[in-house]
Amino acid sequence: MAVKRPASISLKTLASAVEKAASLVAGQSSSSLTAGLHISPTIIGKVARPKDFAEAQQIAASLTKSLTRSGGPLASARAAQPATLIRGGVIICGFIAPEVEFRE
């Protein structure tokens, strides 16, 4: 079974589209919306084909440990939590990303 590749869009294009949609919504609502594109929580990781769920959890834990170890790229995110997402036959093993806000 071939892995379906995710859609690709630049953050600039996505942020711009969200701002445009937010302007339309704001005109139809009494609520105010903040600027910027806010994404949380999201799983960041790799598509995997583990033999079972236990192995998927182990892959997620190992990836997270490697990335958050001393000197690792996410060393400041020591509280990063390993996570496994199974949706539509695709398994993603990784970690729950810290809250991120993108601004154009």
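Anything mentioned here points back to the structure above.
Rules of the game
- Residues numbered from 1 in each chain as written.
- Predicted model: local features only at pLDDT ≥ 70, side-chain atom pairs only at ≥ 80, totals over all residues.
- Heavy atoms only, no water.
- Helix = DSSP H or I, 4+ residues; strand = E, 2+ residues; numbered from the N terminus.
- Buried < 20%, exposed > 50% of the residue type's maximum accessible area, 1.4 Å probe, protein only.
- Contact = heavy atoms within 4.5 Å.
- Areas by Shrake-Rupley, 256 points an atom, 1.4 Å probe, with all protein chains shown as cover.
- Pairing = 2+ DSSP bridges.
- Core = buried A, V, L, I, M, F, W, Y, C linked by side-chain atoms within 4.5 Å.
- Axes fitted to C-alpha atoms, helices over the stretch in contact; angles between N-to-C directions.
- Polar contact = N/O pair within 3.5 Å; in protein donor to acceptor, adjacent residues only side chain to side chain.

1. Focus: the overall build of the chain
A count of helices and strands for the chain gives two helices and five strands. Taken from the N to the C terminus, the helices and strands of the chain come in the order α-β-β-α-β-β-β. Looking at the chain as a whole, 18% of its 104 residues qualify as buried. Taking the intrachain contacts of the chain between residues at least 6 apart in sequence as the baseline, contacts between residues at least 24 apart amount to 57%. Summed over all atoms, the accessible surface of the chain reaches about 7,900 Å², with 57% contributed by carbon and sulfur.

2. Brief notes about the pairing of strand S4 (residues 90-96)
Bridge count between strand S2 (residues 43-48) and S4: six bridges; the pairing is antiparallel. Of the residues in S4, the one forming a bridge with Ala-48 is Ile-91. As judged from the seven bridges shared by strand S3 (residues 81-87) and S4, these two strands associate in the antiparallel manner. Residue pairing across strands places Ala-83 opposite Gly-94, the latter belonging to S4. What sits between S3 and S4 in their antiparallel hairpin is a turn of two residues, with Gly-88 showing a positive phi close to 60 degrees.

3. Digging into the nonpolar core
One finds Ala-48, Ala-56, Ala-60, Ile-91 and Cys-93 forming the largest nonpolar core, which totals five residues. Listed by contribution, the elements that provide at least two residues to this core are helix H2 (53-68) and S4.

4. Some points on the sheet that holds S3
Pairing in this open sheet of three strands is antiparallel, and the strands run S2-S4-S3 from one edge to the other. Here the strands that pair on one side only, and so sit at the sheet edges, are S2 and S3. Neighbour-to-neighbour, the strand axes of this sheet turn through a mean angle of 30 degrees, independent of strand direction.

5. Description of the environment of Lys-46
Turning to its location among the elements, Lys-46 is positioned in strand S2. Note: C-alpha distance between Lys-46 and Ile-59 (13 residues apart in sequence) is 9.4 Å. For Lys-46, the residues in contact, after removing those within four places along its chain, are Leu-63, Ile-91, Ile-92 and Cys-93.

6. Some thoughts on the side chain of Thr-64
Inspection of the secondary structure puts Thr-64 in helix H2. Assessed through its relative accessible area of 3%, Thr-64 is described here as buried. There is a polar contact of 3.3 Å between the side chain of Thr-64 and the backbone oxygen of Gly-94. If we ignore the near neighbours within four places in the chain, the residues touching Thr-64 are Ala-80, Gln-81, Pro-82, Gly-94 and Phe-95.

7. Focus on the environment of Ala-60
Along the chain, Ala-60 turns up in helix H2. Relative accessible area serves as the criterion here: at 1%, Ala-60 is assigned to the buried category. With near-sequence residues (within four places) excluded, Ala-60 lies in contact with Pro-82, Ala-83, Thr-84, Cys-93 and Gly-94.

Take it as geometry only, folks, not as evidence of what the structure does.
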